[in-house]
Amino acid sequence: MSTSPYQGTANSAPIKRTVTVKTLRDMKSSGEKIAALTAYDASFAALLDDVGVDIQLVGDSLGNVIQGLDSTLPVSVDDMIYHARAVATQCRHGLRMVDMPFMSYWSIDTALQNAARLMKEGGAQMVKLECTQAQEAIIRALVNEGIPVCAHLGLRPQSVHKLGGYRVQGRDAAAAEAMLIEAQRLQDAGADVLLLEAVPASLAAQITQQVEVPVIGIGAGSDCDGQVLVLYDILAITPGKRPKFSKDFLANGGDIRAAIQTYVNDVKAKRFPSSEHSFT
Ligand code: KIV
């Protein structure tokens with residue numbers, strides 16, 4: 001199993017791997033863990049690319065960590081394009097995933113128009129939607145147009161008011177069963193990647209085993225095919241309380257580059273997350 005972001009033969013200089021949807025599928029098959037982080041600007045995008053981060057997610061968490069808001073709801077498509085475009089200038093090897101913000105995919109036409117803008121103007125290579133099975137038809141429509149899609153399940157911050165807060169999802173048997181069915185249906189609708197946020201580790205492991213597409217976790221235990229965290233959380237510069245599932249990778253000294261490299265190495269070597277950063 002390769003844990004290097006570089007490929008090449010003994011006789012050639014290493015060539016940095018460019019991550020595509022196919023690379024992610026191959027990583028799932030080979031058991032190589034996918035290391036993802038959020039990115040919002042060109043300078044960090046260059047650093048993450050250099051360190052070998054597989055997916056750079058331009059998350060609508062920029063509403064919290066860049067704009068200082070208490071939710072992601074006010075983030076606009078224009079905000080996403082502004083940050084995605086900056087990241088796209090420097091992220092050349094990692095796959096660029098960009099969030100579709102709140103109410104930018106309320107109908108099939110709206111979703112198609114906004115996803116097209118994120119790709120054409122923001123350089124997105126995959127869009128991410130917070131989903132229940134209500135978004136199945138939208139995923140089908142996006143995929144039919146050749147747009148790669150990540151379906152974000154579990155804790156969906158855009159639905160915070162409906163969910164009654166930032167809570168772990170899928171804890172009781174009925175909710176767990178519903179999420180298993182949802183994951184399968186969204187994969188069958190064409191989602192290329194699933195992302196599980198704040199889901200009990202055992203349920204996330206079951207979903208990861210059940211579906212063929214790669215599953216990225218955040219607060220979803222160590223058995224997912226990969227992990228994602230908010231960059232500013234792992235550098236411990238997010239103001240206020242940081243989520244239990246995050247970890248301060250700068251705490252043991254070193255510099256920002258070393259902290260990001262440690263995160264990537266720990267995900268690849270299955271040292272992160274531990275049970276301390278997971279839910280039961
Ligand atoms: O917006 C974001 O950063 C996200 C991650 C928390 C997964 O969706």
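Cut-off values and rules
- Residues numbered from 1 in each chain as written.
- Predicted model: local features only at pLDDT ≥ 70, side-chain atom pairs only at ≥ 80, totals over all residues.
- Heavy atoms only, no water.
- Patch = residues over 30% accessible without salt bridge, like charges linked within 9 Å, V, L, I, M, F, W, Y side chains within 5 Å.
- Areas by Shrake-Rupley, 256 points an atom, 1.4 Å probe, with all protein chains shown as cover.
- Salt bridge = Lys/Arg side-chain N within 4 Å of Asp/Glu carboxyl O.
- Helix = DSSP H or I, 4+ residues; strand = E, 2+ residues; numbered from the N terminus.
- 1 Å grid on protein atoms, 1.4 Å probe; cavity = no way out; pocket = protein on both sides within 12 Å on 5 of 7 lines; lining within 4 Å.
- Points joined across faces, edges and corners; volume = space filled by probe spheres on them.
- Nonpolar A, V, L, I, M, F, W, Y, C, P; charged D, E, K, R; others polar.
- Buried < 20%, exposed > 50% of the residue type's maximum accessible area, 1.4 Å probe, protein only.
- Near = heavy atom within 4 Å.
- Polar contact = N/O pair within 3.5 Å; in protein donor to acceptor, adjacent residues only side chain to side chain.
- Sits in = over half its atoms within 2 Å of the grid points.

A. Seen up close, a nonpolar patch on the surface. Together, F102, M103 and W106 line one region of the surface with nonpolar side chains, adding up to about 360 Å² of accessible area. Position of M103 relative to the elements: it lies in the loop between β5 (95–99) and α5 (108–120).

B. Examining empty space enclosed by the protein more closely. Under the definition given, this model contains two cavities of 30 Å³ or more. Computed from the structure, the second largest cavity encloses a volume of approximately 40 Å³. Around the second largest cavity, the lining residues are K33, S222, Q227, V267, K270, F272 and P273. Broken down by class, the residue content of the lining of the second largest cavity amounts to three nonpolar, two polar and two charged.

C. Main features of the pattern of salt bridges. Inspection of every chain in the model, using the stated rule, returns 14 salt bridges. Of the charged contacts in the structure, one is a salt bridge between D78 and R117, with a shortest N-O distance of 2.8 Å. On the criterion of sequence distance, the pair formed by D78 in helix α4 (residues 77–88) and R117 in helix α5 is long-range, its members being 39 residues apart. For D78, a relative accessible area of 46% corresponds to the partly exposed category. What makes R117 partly exposed here is its relative accessible area of 28%. Close ionic contact of E136 with R185 constitutes a salt bridge, the shortest N to O distance being 2.9 Å. Within this pair, whereas E136 is found in helix α6 (residues 136–144), its partner R185 is found in helix α8 (residues 173–189), the two being separated by 49 residues in sequence. For E136, a relative accessible area of 13% gives the class buried. Through salt bridges with shared partners, one network takes in R17, E32, D54 and K268.

D. Molecular detail of the environment of G68. Along the chain, the position of G68 falls in the loop between α3 (62–65) and α4. Taking the C-alpha atoms as reference points, G68 and T38, 30 residues apart in sequence, are found 16 Å from one another.

E. Quick look at the site of the ligand. Around the ligand, the structure places T38, L57, G59, D60, S61, D99, K128, H152, L195 and I218. In the environment of the ligand, an oxygen atom lies 3.0 Å from a nitrogen or oxygen atom belonging to the side chain of D99. K128 places a side-chain nitrogen or oxygen 2.7 Å from an oxygen atom of the ligand. A total of 260 Å² of accessible area belongs to the ligand in isolation, and the protein chains cover 95% of it. If you map the ligand onto the pockets, it falls in the largest pocket.

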